[in-house]
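Chains, contacts and geometry: an overview
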Amino acid sequence: MSQATYDIIIAGGGTAGCVLAGRLAAADSNLSVLVIESGPITRDDPLHTQPARYMHHLRPGSATVKVHRGKESAALNGRSPLVPTGQCLGGGSSVNFTMYTRASASDYDDWVTVYGNKGWSSAGLLPLLRKCETYQARPGNETHGYSGPLKVSYGGYYSEVGQEFLNVAAQYDKTREHTEDVNTLYECNKYGRWPKWIDARTGTRSDVPHQYIYPGQSSNTNLVILTGYHVKKVTFSGIVASGVEYVPNSRVRDEGGSQVFTAKARRLVVLSAGTFGSPAILERSGIGSPDVLNKIGVKQIACLPGVGENFQDHQLILPPYIAADSVHTLDFILEDDQQEIAAWTKQWLANGTGLLATNGLEAGIKLRPSRQDLDIIGDAFRKRWLEFFAPFPDKPVLWMGVMSLLAGERPPTPGKKYFSVGWYLQHPSSAGYVHATSADDVDAPLDFHPGYLDSPADMALHKWAYKRTPFPSGSAVAVGERSGPVPILEPDLVYSAEDDEALEDYIRQTVSTSWHYLGTCAMKRREEGGVVDSRLNVHGVEKLKIADLSICPGNVAANTYSTAVLIGEKAAVIIAEELGIPMGDASDATGPILKARL
């Protein structure tokens, strides 16, 4: 194992890496492909296959998620934000909230017009967006696919919380319409029921490894999946990537220790370790900013100051509310109520329906402010609006919707039911960075600053998005428990200057990751801080590519699973073309790809 040689080595078995590996191996069974993933396998594990169990992976001590701690930030009242990232085969696709949200067409078009990446326009990428999915939510929509491996539906249960959200929206916000498809790519600002990466037939999570890797139409022993190992660095012969060094992950592998293994690549090395992992591997390999490389004592192979910069995330807030006892929520799972879990599991196994076949995220809107809203948001956001959002009517400012559970710290009294009305910013102005701090220790904490709220424009949007939050005693907008809904004709709340100050403090104490981070190995021109070109080649070296969310040059108004799958599909097309492997057209996805040797 320590000196094995493969045609292609993929460093990271997350969403994009598994898509890439599955597509290449299916296209040419003689191509030897090694995928090295730091986390465990997930095959047929109910904690992954049952959609409602996603919060399990965020528990303390989780083996399927790795948590990164950011620096203390004045913008967060001195907090050090915690940012989890998937660490298992399938990455985020196997542990995320299964929320199906695609980017706007103009987001991808920006990658061409703003950043100069030929071949990445929305029109050029649409066939790949179709190729990856079977859209079960609604037939006959030309922007969706109907024969791909990943299934998209409304899940197996429609909660009362989601239904009520849409009913209230129709009565309260008459300036915005309802739509049957919230993910057309070309429009937004309409309320609708929210689709999920869930198979309507089986009620199972539609993740990448269960569709592209685990099951299959034929066996392929040339695709090797190695789990429980961290890729330490890329090895080079001069400036040509020749392989990787990797070490055991002590959280997964019993052997632990400091043994370093080596794998050689005949044709190509592809980094697919994600927004945190890929820049760290580059820096440990000698590719990055001279300042960072000097700090960790690594000899420079290529000077790329953009490595680890441009960290972007969608800033999330999920204020909780008490739900009526009659409402169905997912709180019983978070309270580990085994009797309830067993009852719903029986229904899920029988017909793929029930509360375990949903994520509790039933409805929402990709929201744009009206002219009146812009006056309320204020001058801190006006310039950003005029330059970035106003010219593109498909670009939402934020996503807002409901979640049928309490996502944060639970009260000491069990048995109550909750829901959240939450939002995240789709295109925050703030950005951060992430850098390696050791040349040898893959577990060393990263030098990480996510940048949440560093821009005043982001605070202005959060304040506008939602003001129903705890306020000082005696305030006219103070939150309290009450029975029944607020009448639709009730006057809107009026906030005092003191209320706004309290709201800002709440936001600084509460805002967190939405698990949608990207951008740290941006696909830009080298002189503009880019790390890869439009063919995913790392600038300044040869036979080294990156295929994961770190390559995104700009943010996307999406739950980024969709974009990660797209990048994996696009990488497969690029690499197959360069290697002379026929890939087939974009209508060729009919189901599971192949069976790998695990």
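The rules behind the values
Residues numbered from 1 in each chain as written. Predicted model: local features only at pLDDT ≥ 70, side-chain atom pairs only at ≥ 80, totals over all residues. Heavy atoms only, no water. Helix = DSSP H or I, 4+ residues; strand = E, 2+ residues; numbered from the N terminus. Rg over C-alpha atoms; globule rule 2.2 N^0.38 Å. Buried < 20%, exposed > 50% of the residue type's maximum accessible area, 1.4 Å probe, protein only. Contact = heavy atoms within 4.5 Å. Areas by Shrake-Rupley, 256 points an atom, 1.4 Å probe, with all protein chains shown as cover. Lys, Arg positive; Asp, Glu negative; His and termini not counted. Charge placed at Lys NZ, Arg CZ, Asp CG, Glu CD. Core = buried A, V, L, I, M, F, W, Y, C linked by side-chain atoms within 4.5 Å. Pairing = 2+ DSSP bridges. Axes fitted to C-alpha atoms, helices over the stretch in contact; angles between N-to-C directions. Parallel < 35°, antiparallel > 145°, perpendicular 65-115°, else oblique. Nonpolar A, V, L, I, M, F, W, Y, C, P; charged D, E, K, R; others polar. Salt bridge = Lys/Arg side-chain N within 4 Å of Asp/Glu carboxyl O.

1. Some words on the overall build of the protein
Per the secondary structure count, the protein includes 15 helices and 23 strands. Taken over the C-alpha trace, the protein has a radius of gyration of 23 Å; the compact-globule value for 598 residues is 25 Å, and the two agree within 12%. Dimensions along the principal axes, computed over C-alpha positions, put the protein at roughly 70 × 55 × 45 Å. Per-residue burial over the protein gives 60% buried out of 598 residues. Of all intrachain contacts in the protein linking residues separated by at least 6 positions in sequence, the fraction that spans at least 24 positions is 74%. Of the roughly 23200 Å² that the protein leaves accessible, carbon and sulfur atoms contribute 50%. Separation of charge centres in the protein, based on 56 positive and 65 negative side chains, amounts to 5 Å.

2. Considerations on the nonpolar core
Proteins that are soluble and globular tend to have nonpolar side chains buried together. Of all hydrophobic cores here, the largest spans 91 residues; its most connected members are Ile8, Leu20, Trp120, Leu282, Ile287, Leu544 and Ile546. Looking at this core element by element, the count peaks at 10 residues for helix H15 (residues 561-579). Those residues in contact with Trp120 that lie beyond four places of it in its chain are Tyr108, Trp111, Val112, Leu125, Met523, Ser534, Leu536, Ile551, Ile567, Lys570 and Ile574.

3. Concerning the sheet that holds strand S20 (residues 432-435)
Spatial ordering of the open sheet is given by S14-S20-S21, a layout of 3 strands whose pairing is antiparallel. What marks the edges here is a single partner per strand, and that holds for strand S14 (309-311) and strand S21 (447-449). For this sheet, the mean inter-axis angle between neighbouring strands, taken without regard to orientation, is 40°. As paired strands, S20 and S21 are joined by 3 bridges and run antiparallel to one another. When the bridges of S21 are listed, Val434 appears paired with Phe448. Sitting on the sheet, helix H7 (residues 274-285) is in contact with S14, S20 and S21, with an inclination near 50° to S20.

4. Quick look at the pairing of strand S11 (residues 261-271)
Of all the 11 residues making up S11, 8 are buried; the element is thus mostly covered by neighbouring parts of the structure. Looking at chain direction, S11 and strand S22 (residues 544-546) are connected through 3 bridges and run parallel. If you follow Val270 over to S22, its bridge partner there is Lys545.

5. Quick notes on the packing of helix H13 (residues 456-465) against helix H14 (residues 497-510)
Where H13 meets H14, the closest approach of the two axes is 10 Å, and the angle between their N-to-C directions is 110°. Here H13 lies roughly perpendicular to H14, going by the angle between them. Here Met459, His462 and Lys463 of H13 come into contact with H14, specifically with Asp500, Leu503, Glu504, Ile507 and Arg508. Of the residues assigned to the contact of H13 with H14, the class counts are 3 nonpolar, 1 polar and 4 charged.

6. With respect to the pattern of salt bridges
Applying the stated criterion across every chain, the model contains 22 salt bridges. We note a salt bridge from Lys196 to Glu362, for which the minimum N-O separation is 3.0 Å. Here Lys196 is found in the loop between strand S7 (191-193) and helix H6 (209-213), whereas its partner Glu362 is found in the loop between helix H10 (338-351) and strand S17 (363-367), with 166 residues between them in sequence. Of the two residues examined, Lys196 and Glu362, each falls in the buried class. Residue Lys383 is joined to Glu387 by a salt bridge in which the shortest nitrogen-to-oxygen separation is 2.8 Å. Placement of the pair is Lys383 and Glu387 together in helix H12 (residues 379-389), with a separation of 4 residues, close to one helical turn. Exposure remark for Lys383: the relative accessible area of 55% places this residue in the exposed category. Judged by its relative accessible area of 53%, Glu387 falls in the exposed class.

Purely spatial values, then, with no claim about function.
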